[in-house]
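A closer look at the structure
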Amino acid sequence: MLERVRRLRQLIDESGVEAFLVTGIDNVRYLSGFTGSAGVLLIGPDEALLLTDARYTVQAGAEAPGFEVVTVEKTWLELLAELLQNRVYQLLGFEAAHVTHQQFLRMRELLSMVELRPLKDLVERLRLVKDEEEIRAIRQAVGLVDEAFPWIVDRIRAGRSEREIALELEFALRDRGAERMAFEIILASGARSALPHGRPSGKVVEKGDLVLLDCGVVCDGYCSDFTRTVLVGAVPEPWQEEIYQVVLAAQEAGIRMIRTGVLAADVDARVREVIAHHGYGEYFGHSTGHGLGVQVHELPRLGRFSEETLQAGMVVTVEPGIYLPDRGGVRIEDVVVIREDGAEILTLAPKDRLIRV
Ligand SMILES: [Mn+2]
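Residues numbered from 1 in each chain as written. Predicted model: local features only at pLDDT ≥ 70, side-chain atom pairs only at ≥ 80, totals over all residues. Heavy atoms only, no water.

Right, let's get into unusual backbone geometry. Trans is the common state for peptide bonds, and a negative phi is the common state for residues other than glycine. Omega for the peptide link from Leu299 to Pro300 comes to 0 degrees, which places this bond in the cis form. Residues other than glycine seldom take positive phi values, yet Asp220 does so here, at roughly 50 degrees. Position of Asp220 relative to the elements: it lies in the loop between strand S10 (217–219) and strand S11 (222–223). On the basis of relative accessibility, which here comes to 43%, the residue Asp220 falls in the partly exposed class. (Helix = DSSP H or I, 4+ residues; strand = E, 2+ residues; numbered from the N terminus. Buried < 20%, exposed > 50% of the residue type's maximum accessible area, 1.4 Å probe, protein only.)

The structure is reproduced here in C-alpha cells:
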C-alpha cells in the first residue's frame, strides 16, 4: 500500500499541489487498505493521515499500517480544518469526482487557509495497471462465478421466474465465499433479454427463451464481471443461433487484438466491425468493455471515445451484445488481463456454443 502512496506522491507533485485529499472511499481503500465505509486521507510529502470516526479507529489502525489514524469527532471537514491550521500547505488538491457540491461549499468556508484545486482521476490512473496480487484477487472473483455457472445453468428451466433463479444464484455465490455482489444480478429471459441491463422480474422463463445472465462478485475487495446467454429448450430458432455466433465471433476478434500498445478504441472498433458486417450494427449500442478492479467499472474503457492505450497489467471485460427489440438478445462477457503479447482470459466458463438448458 505504501508503494501506492509513493507513486501517488509523484502525481501530486506533478500536478503542482502540496497535499491531496482523498474522499472516494474505493480510493481510500486502494491506497490505505482500510475497508471501513467512512474515511478520508490527507496525503502530504511527508505524511499520510487517515481520518475516520470512533466506529473504525481500531480497525483502521490494524488495516492501514503506515497511516496515522486521526479520530473524527464532529465532522471530518472540521477536523481537517484544525489539522491544516498547523501545516504550511497553501495548495490542497481534492478529488473532483468524489466531492459533492455541498461539501465543496463547506470546504471553501472551513478550509480558507488553503487554496483548493480540483484534480481528476489521480488515483484512478494509478489503479489502471494492476499488480499480481490484485490480479490474483480478480482471478479468484472470476473463478467463483465460473464455478457457480454450471450449478445455476441446471436451475434455469421453464416455469421458474427470473427473480427466483437470480435469488438462488446470489445465494450460491455468497455461500461459495463472495464478499458481496459486485452489482445487482442482471437476469432477463425471452423478449426481456433484449434489455442489456434487464432486472430479474416476476416473468416466468419459457421454452424457447434466451436467458441473459450477467453477474459479478467481490473477493478481497476486487470485482468480477461475467455474462453468458443460454437457450431454454433443445432447438434454437435460426435468428437465436445466428446472433449468438456473431456475438461470439466479435468477442473473440476483440480478444485476439488485445495486447500491450493497442488503442482501446481500436479493440472496440474491431468488435463493432464484425457485428456491423453481419448487419446487426444498430443492435449493439453499448461499449465493448471496461476496466475492472476495486470498482466494477473503471478505466480503461473499451469504447468509441476511449483515449487509453492498453498496457500490460490492465484488466478489462470484453462483452459485445446484440439486442433485437421484442425478440431477445445475446451478450458474452469475459474478463481478460492484458499482457505484453496478448490477452490472458481469466473467465473459464464455456462459450463456444449456445448452451441449451
Ligand atoms: Mn461488464
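And the narrative resumes.
Given a rise of 1.5 Å per residue, 22 residues ought to cover 32 Å, and the 31 Å separating the end C-alpha atoms of helix H7 (residues 132–153) matches this to within 8%. The N-cap residue of H7 is Asp131: its side-chain oxygen and the backbone nitrogen of Glu133 are 3.1 Å apart. (Expected span 1.5 Å × (residues − 1). Polar contact = N/O pair within 3.5 Å; in protein donor to acceptor, adjacent residues only side chain to side chain.)

Looking now at the nonpolar core. If you look at the biggest cluster of nonpolar residues, it comprises 44 residues, and the most contacted ones within it are Leu8 and Ile43. Of the residues that make up this core, three or more belong to each of domain 1 (2–127) and domain 2 (132–356). Dropping the residues within four chain positions of it, Leu8 is found in contact with Phe20, Leu31, Ile43, Leu122, Val123 and Leu126. (Core = buried A, V, L, I, M, F, W, Y, C linked by side-chain atoms within 4.5 Å. Domains from an automatic or database assignment. Contact = heavy atoms within 4.5 Å.)

Turning our attention to the coordination of the manganese ion. Distances from the manganese ion to its protein donors, namely Asp225 (OD), His290 (NE2), Glu319 (OE) and Glu333 (OE), fall within the range 2.0 to 2.3 Å. With relative accessibility at 7%, the residue His290 sits in the buried group. (Donors = N, O, S within 2.8 Å, 3.2 Å for Na, K, Ca; no water.)

Taken in spatial order, the 4 strands line up as S8-S9-S12-S20 in an open sheet, and their pairing is mixed. Both edges of this open sheet fall to strand S8 (186–189) and strand S20 (355–356), since each of them pairs with a single strand only. With 4 bridges joining them, S8 and strand S9 (residues 210–215) adopt antiparallel strand pairing. Pairing of Ala188 across the sheet is with Leu212, part of S9. In the packing of helix H9 (residues 238–257) onto the sheet, the strands contacted are S9, strand S12 (226–231) and S20, and the crossing angle to S9 comes to about 30 degrees. (Pairing = 2+ DSSP bridges. Axes fitted to C-alpha atoms, helices over the stretch in contact; angles between N-to-C directions.)

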